[in-house]
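Analysis of the macromolecular model
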Amino acid sequence: MTTASFTPTGIRLENLDKRYGGLYALRRVSLEMSAGECVVFAGRNGSGKTTLLRIAARLARPSSGAVSFLSGSGEKNEAPPPTGFVAHATMVYDELTAEENLLLFARLQGIAEPAARADMLLREVGLEERRNSLVRTFSRGMRQRVAIARALLNEPAVVLLDEPTTGLDPQGASWFAQTLRRLRDSGRTVLMSLHSESEVSTLATRAIRLDAGAVVADTRTGANFRSILAFANA
Amino acid sequence: MALLSNTAVLLGKELRTEFRSRELLTTTVVFILTIVVLFSFTFDPSVSDSRRFGPGLLWLAFLFAASLMLQPCFLREQNNDTLSALRLSIGDPFAIFLAKLAANTLFLLFTQVLLLPVFSILYNVPVLAAFPQLVLVMFMGSLGLSVTGTALSAISAQARMRELLLPLLLLPLLTPVLIASTEATAALLVPNPAVRWDWLGFLLAFDVVFLTALWLFGEYLLEE
């Protein structure tokens, strides 16, 4: 990964509730993720993983409770940190080329030298030769690479990955695992949701299981890592 | 400054993606031409008929074209969840609305300017005498259609019956814009054309009110 120029940041979730009408997507979720932790959220469909990540990304507002960001020493930060978000949807434009997509988001984020940053990330994700191809002509794996490059444009201190390996072939999943390893080792805080146990899940330093919107197991409180992921598989 | 530069960047994206796919412009131009041609052959209007009914017909065609054009405005952002990427990238989401609003206005204006000569030939109404004034009226009317339509498109994109919801909300809300635009256009198609500043003032007020509302509440329209 590129040379780190981010401030290590932790995340605290306090009594988070998220309701859609009468349905609870999240129920009294209280968690603290330290700066540099790589946390995997496991659980069945509808267990609240995506909602939790979208609230952490400030894309959704909790019905009650609070999200705060912590400095490396554990103090609350007033300003939210730069955040990178990768979801199952690629969050890039099919009608733009890989390079145009990165330039667009780099300019919107006010990055000083957008062309240089886009160029560097395209090389990092191995798409420099297809930089001028429209994203709609890409395979699922290539699209995911553009998505990751987009998420890393602003040197994020927090990286949120919502089922990032869905639809990837084994080669793509392996490439993603290497990328995740580099992200984790660079000291970024990584939160990801996964459906099932995989090469990617073994890179996590902590696993949390969600069920019906509530935290039901956490390796920090003694739960077994493998059983959390195995349960999600079931 | 960040708002304006982000708006410019996003407008560039809107224009680039549209001119590559040509989805909206092609559909709208074909649709609007079909309406105008069909009506001209059905009624075979005289010059005086055209002057009486032409402006209303034109703006009705523009309204339908606008509802067709505005529907995908935010829906397209949902395909790959690009709206989330935009929200994560910019501080003030009003830039998203401004860019879409500017793009929609430009597309509508382009369609209208393309249609005016066709209308003039088929309905025997000279438009060259007051062409700049007509463009001004079309711009103000298009802005009104776009401001309201962009806001409603953001609302309807998140609803379940979205295809039905947008026209349902759009048509009654745009009635004042249609009346003002039709009256201002009619005054320019008569033998001695005159600019109706009262109707233009009304359009300006409408645009300002809706733009202010969009600026104040736009952020909530994009929330999940």
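Computed from a prediction, not measured in an experiment: that's the story for all the values here. Along each chain, numbering runs from 1 in the same order as the chain's sequence is written. For this description, chains carry letters from A and ligands carry numbers from 1, given in the order in which they are written. Reporting of local features is limited, given that this is a predicted model, to residues whose pLDDT is at least 70; pairs of side-chain atoms are given and counted only at 80 or more, and all residues count toward the totals for whole chains, interfaces and linings.

**Re the environment of Cys38 of chain A**
All names here are of chain A. Numbering of helices and strands runs from the N terminus, with a helix taken as a DSSP run of H or I at least four residues long and a strand as a DSSP run of E at least two residues long. Inspection of the secondary structure puts Cys38 in strand E3 (residues 38-42). The exposure class assigned to Cys38 is buried, which follows from the 22 C-beta atoms found within 10 Å. For the pair Cys38 and Leu160, spaced 122 residues apart in sequence, the C-alpha to C-alpha distance is 10.0 Å. Put simply, a residue is buried when 20 or more other C-beta atoms lie within 10 Å of its own C-beta and exposed when 12 or fewer do; between those, it is partly exposed, and each C-beta is set from the backbone.

**Here we look at the sheet that holds strand E4 (residues 64-70) of chain A**
Residue and element names in this part refer to chain A. One requirement defines pairing of two strands: DSSP has to find at least two bridges between them. Pairing in this open sheet of four strands is antiparallel, and the strands run E2-E1-E4-E5 from one edge to the other. Edge positions in the sheet fall to strand E2 (23-33) and strand E5 (76-77), since each of these pairs with one other strand and no more. Two strands pair when backbone bridges link them, and E4 and E5 are joined in this way by two bridges, in the antiparallel orientation. The residue of E5 that forms the bridge with Phe69 is Asn77.

**A word on the packing of helix H5 (residues 94-123) of chain B against helix H6 (residues 131-157) of chain B**
Residue and element names in this part refer to chain B. Geometry is summarised by axes, namely lines fitted to C-alpha atoms with helices restricted to the contacting stretch, and by angles between N-to-C directions that run from 0 to 180 degrees. Packing of H5 against H6 leaves a shortest axis separation of 8 Å and a crossing angle of 140 degrees. Classified by the angle their axes make, H5 and H6 are oblique. In the crossing of H5 with H6, the sense of the turn from one axis to the other is right-handed. In this structure, H5 uses Phe97, Lys100, Leu101, Asn104, Thr105, Leu108, Leu109, Gln112, Val113 and Leu116 to contact H6, whose residues at the interface are Leu134, Val135, Met138, Phe139, Ser142, Leu143, Leu145, Ser146, Val147, Gly149 and Thr150. Asp, Glu, Lys and Arg are counted as charged, while Ala, Val, Leu, Ile, Met, Phe, Trp, Tyr, Cys and Pro are counted as nonpolar; the rest, among them Gly, fall into the polar class. Here the residues of the contact of H5 with H6 sort into 13 nonpolar, seven polar and one charged. Oblique is the label for every angle not falling under 35 degrees (roughly parallel), over 145 degrees (roughly antiparallel), or within 65 to 115 degrees (roughly perpendicular). Helix crossings fall into two classes, left-handed where the near helix is turned counterclockwise from the far one by less than a right angle and right-handed where it is turned clockwise. Residues are defined as contacting one another if the C-beta atoms placed from their backbone atoms lie within 7 Å.

**Regarding the packing of H6 of chain B against helix H7 (residues 162-173) of chain B**
Residues and elements named next belong to chain B. Running from N to C, H6 and H7 point in directions that differ by 150 degrees, and their axes come no closer than 9 Å. Put simply, H6 runs roughly antiparallel to H7. In the packing of H6 onto H7, the handedness of the crossing is right-handed. Of H7, the residues touching H6 (which contributes Thr148, Gly149, Leu152, Ser153, Ser156 and Ala157) are Arg162, Leu165, Leu166, Leu169, Leu170 and Leu173. In terms of residue class, the contact of H6 with H7 is made up of seven nonpolar, four polar and one charged.

**Quick word on unusual backbone geometry**
All names here are of chain A. With phi around 45 degrees, Arg28 is a residue other than glycine that occupies positive phi space. By the secondary structure assignment, Arg28 is in strand E2. A tally of 14 C-beta atoms within 10 Å means that Arg28 is categorised as partly exposed. Phi is positive for Arg58, which is not a glycine, with a value near 65 degrees. As for its position among the elements, Arg58 is in the loop between helix H1 (49-56) and E4.

**Some thoughts on the domain arrangement of chain A**
All names here are of chain A. Taken domain by domain, chain A consists of domain 1 (10-81 + 157-233) and domain 2 (93-155). Each domain's limits were defined by an automated method or a database of domain assignments. On a C-alpha basis, the centres of domain 1 and domain 2 stand 25 Å from each other. Each partner contributes residues to the interface: domain 1 has eight residues there, and domain 2 has five residues. No other element matches the three residues that helix H5 (residues 170-185) contributes to the side of domain 1 that touches domain 2. Its residues assigned to classes, the side of domain 1 that touches domain 2 shows four nonpolar, three polar and one charged.

**Focus on the nonpolar core**
Working definition: the nonpolar core is a set of buried Ala, Val, Leu, Ile, Met, Phe, Trp, Tyr and Cys residues, joined through C-beta atoms within 7 Å. If you look at the biggest cluster of nonpolar residues, it comprises 130 residues, and the most contacted ones within it are Val39, Phe41, Leu102, Leu160, Val190 and Leu191 of chain A together with Phe62 of chain B. Considering every element that reaches this core, the biggest residue donor is H5 of chain B, with 13 residues. Of the domains in this structure, domain 1 (10-81 + 157-233) and domain 2 (93-155) of chain A are the two that each give at least three residues to this core. With residues near it in sequence (within four places) discarded, Phe41 of chain A still touches Lys49, Leu52, Leu191, Met192, Ser193, Ile208 and Leu210 of chain A.

**A short note on the sheet that holds strand E9 (residues 206-211) of chain A**
Residues and elements named next belong to chain A. Judged by pairing direction, the sheet is mixed, and its six strands sit side by side in the order E6-E7-E8-E3-E9-E10 without closing on themselves. Of all strands in the sheet, those bounded by a partner on one side alone are strand E6 (83-86) and strand E10 (214-218). Within the sheet, the average angular offset between the axes of one strand and its neighbour, ignoring direction, is 20 degrees. Strand direction decides the pairing type here: E3 and strand E8 (residues 189-194), joined by five bridges, are parallel. Each bridged residue has a counterpart across the sheet, and for Val39 the counterpart in E8 is Leu191. Against the sheet, helix H4 (residues 140-151) touches E6 and strand E7 (158-162), its axis set at about 165 degrees to E6.

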